[in-house]
Amino acid sequence: SRSGASLRRCARAAGANGVDVETRRLAWDDFTEDGDIAKAGDVVVATDCVYAVANVEPLVRALKIAAKPGGEVLVCCRAGRRGVAEAWAALEAAFGKPRESVENEPAAGRGDGAVEVRVYLRPGGI
C-alpha cells in the first residue's frame, strides 16, 4: 500500500514470531546490479505485483538482482489476473521449476480469484 501499513504489519508479524526481516517499498528502478539491494536477500518475497504482462520482465529482473545465490524467491499472485500466466513462465525460465506451489481457494462471497504462491531457488548453490 502507499501508506506502508502492509510493510509495518509484515515486520510486526515477523518480529512476533522471532524472525528478523527488513521490509521496503521499492520501485522497479531501485534494482540495480551494483545497488545495496543486489544479492542481499536470503528470502525475497514479492506479492500482488503482477497486473499486466508489462510487469513481468521488471519483476523477474528485480528478483534475480535481489536474491542471493541459493536464496529463496517467494512470489504470490492472484489467479486470473492479466500477466500472471506469463509471470509464472518467465519465473520458471529464470529460476527453474518451483520448489513448492500452493494455491488457496477464493474467499467466500468476495469474488476474488484464488491466490497462488510459488517458491523458487535462485541458482548458485545453497
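Scroll up a little and you will see the structure.
Note that this is a predicted model, so its numbers are computed, not measured.

Trainee: How would you explain the overall build of the protein chain if you had to name every residue and give the values?
Mentor: Within the protein chain, the secondary structure is distributed over three helices and four strands. Element order for the protein chain, N to C, with α for helix and β for strand: α-β-α-β-α-β-β. Residue pairs at least 24 apart in sequence account for 67% of intrachain contacts in the protein chain once pairs closer than 6 positions are excluded. Only carbon and sulfur atoms are counted for the fraction: they give 51% of the accessible area of the protein chain, which is about 7900 Å².

Trainee: Explain the packing of aromatic side chains to me, and be specific about the residues and the numbers.
Mentor: One pass over the structure, following the stated rule, counts one aromatic pair. Residues Phe95 and Tyr120 carry aromatic rings whose centres are separated by 5.9 Å and whose planes lie at 40 degrees to one another, so their mutual orientation is tilted. Of the two residues, Phe95 sits in helix H3 (residues 84-95) while Tyr120 sits in strand E4 (residues 115-121), which places them 25 residues apart along the sequence.

Trainee: Please give an account of the nonpolar core that cites residues and values.
Mentor: Soluble globular proteins: nonpolar side chains tend toward being buried together. One finds Val50, Leu63, Val73, Val75, Trp88 and Leu91 to be the most contacted residues of the largest nonpolar core, which totals 24 residues. Breaking this core down by element, the ones donating at least two residues are strand E1 (41-47), helix H2 (56-66), strand E2 (67-78) and H3. With seven residues, the single largest contributor to this core is H2. The contact partners of Val50, leaving out residues within four places of it in the chain, are Asn55, Leu59, Cys77, Arg81, Arg82, Gly83, Val84 and Ala87.

Trainee: Which residues make up the environment of Val117, and what values go with them?
Mentor: Among the secondary structure elements, Val117 is positioned in strand E4. Val117 sits in the partly exposed class, given a relative accessible area of 28%. Linking Val117 and Ala46, residues 71 residues apart in sequence, is a C-alpha distance of 9.7 Å. Once residues within four sequence positions are removed from consideration, Val117 is found in contact with Val75, Cys76, Glu100, Ser101 and Val102.

Trainee: An account of the pattern of salt bridges is requested, with residue identities and associated values reported.
Mentor: Applying the stated criterion across every chain yields a total of six salt bridges. In this structure, Glu33 and Lys39 form a salt bridge, with 3.6 Å as the shortest nitrogen-oxygen distance. When its relative accessible area of 56% is taken as the criterion, Glu33 is described as exposed. Given the relative accessible area of 34%, Lys39 is considered partly exposed. The salt bridge partner of Glu116 is Arg118, with a shortest N-O separation of 2.8 Å. Accessibility classification places Glu116 together with Arg118 in one group, the buried group.

Trainee: Quick rundown of the packing of H2 against H3? Include the residues and the values.
Mentor: Two elements in contact, H2 and H3, have axes separated by 10 Å at closest approach and are oriented at 35 degrees. By crossing handedness, the relation of H2 to H3 is classed as right-handed. Of H3, the residues touching H2 (which contributes Val56, Val60, Leu63 and Lys64) are Glu86, Ala87, Ala90, Leu91, Ala94 and Phe95. Looking at side-chain class alone, the contact of H2 with H3 contains eight nonpolar, no polar and two charged residues.

The rules behind these values
Residues numbered from 1 in each chain as written. Predicted model: local features only at pLDDT ≥ 70, side-chain atom pairs only at ≥ 80, totals over all residues. Heavy atoms only, no water. Helix = DSSP H or I, 4+ residues; strand = E, 2+ residues; numbered from the N terminus. Contact = heavy atoms within 4.5 Å. Areas by Shrake-Rupley, 256 points an atom, 1.4 Å probe, with all protein chains shown as cover. Phe/Tyr/Trp six-rings, centres within 6.5 Å; stacked < 30°, edge-to-face > 60°. Core = buried A, V, L, I, M, F, W, Y, C linked by side-chain atoms within 4.5 Å. Buried < 20%, exposed > 50% of the residue type's maximum accessible area, 1.4 Å probe, protein only. Salt bridge = Lys/Arg side-chain N within 4 Å of Asp/Glu carboxyl O. Axes fitted to C-alpha atoms, helices over the stretch in contact; angles between N-to-C directions. Left-handed = near helix turned anticlockwise from the far one by under 90°. Nonpolar A, V, L, I, M, F, W, Y, C, P; charged D, E, K, R; others polar.

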